[in-house]
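# Coordinates in review
Single-letter residue listing:
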Amino acid sequence: MSEEVQAPLAAWFADLGLSASKIREVMAFLCSDEMGLTEIDELLDLEKADVARLQALMPKAKQKKLREAIDELRKARRTATGIGANVAAAFSSLSLRVSAGPVLSSGGGGSATRVT
């Protein structure tokens, strides 16, 4: 699978604070012929056993962040589906929230003010 196709998925894991070598390991698992992931939202289609395998690949300090980020993906999917919005837009903004931390306000224009 091309790195161009994997880039958004790899960036999502980078936002969780994984090292480059860990990202390569995670991507090798997720994008393998067995798993076949190409998009971030496909993480929600993984079975519990597959999520457990994914967590086992990650450093212990990042495993909770993974669970929380997947929960945020689920919330974004429910919200986007409930209002008929574009799911891709919800997922792309989620990456920003995961990496930027708490946000005071989004201002509606796509910019956000970080709480310090």
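To keep things clear, this report deals only with the structure shown in the data block. All values reported here derive from a predicted model rather than from experimental measurement.

### Some words on the overall build of the chain
The helix and strand inventory of the chain stands at five helices and two strands. For the chain, the α and β elements follow one another from N to C terminus as α-α-α-α-α-β-β. Within the chain, the fraction of its 116 residues that count as buried is 31%. Sequence separation of 24 or more characterises 50% of the internal contacts of the chain that already satisfy a separation of 6 or more. Surface summary for the chain: the accessible area is close to 7100 Å², and the carbon and sulfur share equals 53%.

### Regarding helix α2 (residues 20–30)
Every buried residue of α2 is listed here: I23, V26, M27, F29 and L30. Down the axis, α2 shows its buried residues gathered within 160° of arc, on one side only. α2 presents R24 and A28 as exposed residues on the side facing more than 90 degrees away from its buried surface.

### Focus on the packing of aromatic side chains
All chains considered together, the criterion is met by one aromatic pair. The interplanar angle of 80° and the centroid separation of 5.0 Å between the aromatic rings of W12 and F13 together place this pair among those described as edge-to-face. F13 shares its class with W12; the two are buried.

### Quick notes on the packing of α2 against helix α3 (residues 48–57)
Close contact between α2 and α3 brings their axes to 10 Å; oriented N to C, the two are set at 160°. Our classification of the angle between α2 and α3 gives roughly antiparallel. Once α2 is placed against α3, the crossing between them reads as right-handed. Residues K22, E25, V26, F29 and L30 of α2 form the contact with α3, whose participating residues are D50, R53, L54 and L57. Per-class residue counts for the contact of α2 with α3 are five nonpolar, no polar and four charged.

Calculation rules
Residues numbered from 1 in each chain as written. Predicted model: local features only at pLDDT ≥ 70, side-chain atom pairs only at ≥ 80, totals over all residues. Heavy atoms only, no water. Helix = DSSP H or I, 4+ residues; strand = E, 2+ residues; numbered from the N terminus. Buried < 20%, exposed > 50% of the residue type's maximum accessible area, 1.4 Å probe, protein only. Contact = heavy atoms within 4.5 Å. Areas by Shrake-Rupley, 256 points an atom, 1.4 Å probe, with all protein chains shown as cover. Arc of directions from axis to C-beta. Phe/Tyr/Trp six-rings, centres within 6.5 Å; stacked < 30°, edge-to-face > 60°. Axes fitted to C-alpha atoms, helices over the stretch in contact; angles between N-to-C directions. Parallel < 35°, antiparallel > 145°, perpendicular 65-115°, else oblique. Left-handed = near helix turned anticlockwise from the far one by under 90°. Nonpolar A, V, L, I, M, F, W, Y, C, P; charged D, E, K, R; others polar.

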